[in-house]
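Structure at a glance
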Amino acid sequence: MGPPAPLPSINLGRAMARLFMVLGVLVVLINVPLNLQGVSLARMIPDSAALIIRDGLVLKGNGPDIYVLQDNKLRWISSLEAFDYFGYQWGEVHVVEDSFLGQFEKGRPIHVLLKCPTSPHIYALESGRKRWVKDIATFVAEGYVWEDVKMVDCYYLRQLPNGTPILKTPVFRRSHRI
């Protein structure tokens, strides 16, 4: 008796090479940008159910508004300048359903605060309009901080259209009779 007859080859090496090639092509296709903003399929696939809810999460619904989640409240980023000034990146923006956004209470908007060196006035930039912050009490009541005031060229500030001023809402106290 001689040696046993060889078994038919299944070409395992060739099959593994094809498998790795297909996996490589899939990885590339998933990560290639699909639109003008450079969003890839890998970033588009997760929905709001896959998000880890945390402070600093940047969210966008069906409309143009972008929000940041802070203290379980949605804070509207009022301008592209504010988006850039506070260091947000387009890659951080998670597009979610409006119903997901509706689960959160609205917080105060996030504004860029502008001031030119020759003027005492401070303005909040909102939707491309400058809104004068009437006084220090209003500044404090709105939760603004001096570190967020951005010095800009006076000519630039004058060119911005005016919005409605921001006024401190008066707090009415009842007097108690004795």
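Values in this document were obtained by computation on a predicted structure and should not be read as measured data.

Following the sequence through the fold, W146 ends up in the loop between α5 (136–141) and β9 (149–151). Taking the C-alpha atoms as reference points, W146 and L113, separated by 33 residues in sequence, lie 8.9 Å from one another. Ignoring sequence-local partners within four residues, the contact set of W146 consists of I122, I136 and F139.

Right, let's talk about the packing of aromatic side chains for a bit. For the structure shown, the criterion picks out 6 aromatic pairs. Ring geometry for F83 against W90: centres 4.3 Å apart, planes inclined by 25 degrees, an arrangement best described as stacked. Linked through ring pairs, F83, Y88 and W90 together constitute an aromatic cluster. Over the aromatic face of Y123 sits the side chain of K130, whose NZ or CZ is 5.5 Å from the ring centroid.

Quick look at the pairing of strand β6 (residues 112–115) now. Because side chains alternate across β6, one face comprises the buried residues V112 and L114, and the other comprises L113 and K115, equally buried. The pairing of β6 with strand β7 (residues 123–126) spans 3 bridges and is classified as antiparallel. Each residue of the ladder has a partner; that of L113, found in β7, is A124. Here 3 bridges tie β6 to β9, and the two strands are oriented parallel to one another. Across the sheet, the residue bridging to L113 is V149, located in β9.

Note on terminology: a disulfide is the covalent bond linking the sulfur atoms of two cysteines. If you walk through the whole model with that rule in mind, you get 1 disulfide. Each disulfide pairs two cysteine sulfurs, and for C116 the partner residue is C154, the sulfurs being separated by 2.3 Å. Sign of the S-S torsion, about 90 degrees for the bond between C116 and C154, identifies this disulfide as right-handed. Here C154 lies in helix α6 (residues 154–159) and C116 lies in the loop between β6 and β7, a separation of 38 residues in the sequence. Of the two residues, C116 and C154, neither departs from the other in class, the shared state being buried.

Per-residue confidence for the protein chain averages 82 on the pLDDT scale, and 82% of its residues sit at or above 70. A low-confidence stretch, residues 172–178 (pLDDT under 50), is modelled with 0 contacts involving residues beyond four sequence positions or located in other chains.

Moving on: the sheet that holds strand β8 (residues 129–132). Strand order across the open sheet formed by 4 strands is β8-β7-β6-β9, with mixed pairing between neighbours. One side of each edge strand has no neighbouring strand; the edge strands of this open sheet are β8 and β9. Averaged over all adjacent pairs, the angle separating strand axes in this sheet is 40 degrees, with direction ignored.

With mixed pairing, 5 strands are arranged side by side in an open sheet as β4-β1-β2-β3-β5. With one partner strand each, in any of the chains shown, β4 (93–95) and β5 (105–106) form the two edges of the open sheet. Direction of pairing for strand β3 (residues 73–76) relative to β5: parallel, over a ladder of 2 bridges. Residue K73 lies in a different strand from β5, and its bridge partner there is E105.

Looking now at the pairing of β8. Taken residue by residue, a regular strand's side chains alternate between the two faces of the sheet. Here β7 pairs with β8 via 4 bridges, running antiparallel. Counterpart to A124 in the pairing with β8 is R131. Counting the residues in the hairpin turn of β7 and β8 gives 2 residues, including S127, whose phi is positive at 50 degrees.

About the criteria used
- Residues numbered from 1 in each chain as written.
- Predicted model: local features only at pLDDT ≥ 70, side-chain atom pairs only at ≥ 80, totals over all residues.
- Heavy atoms only, no water.
- Helix = DSSP H or I, 4+ residues; strand = E, 2+ residues; numbered from the N terminus.
- Contact = heavy atoms within 4.5 Å.
- Phe/Tyr/Trp six-rings, centres within 6.5 Å; stacked < 30°, edge-to-face > 60°.
- Lys NZ or Arg CZ within 6 Å of the ring centre and 35° of its normal.
- Buried < 20%, exposed > 50% of the residue type's maximum accessible area, 1.4 Å probe, protein only.
- Pairing = 2+ DSSP bridges.
- Disulfide = S-S within 2.5 Å.
- pLDDT = per-residue confidence, 0-100.
- Axes fitted to C-alpha atoms, helices over the stretch in contact; angles between N-to-C directions.

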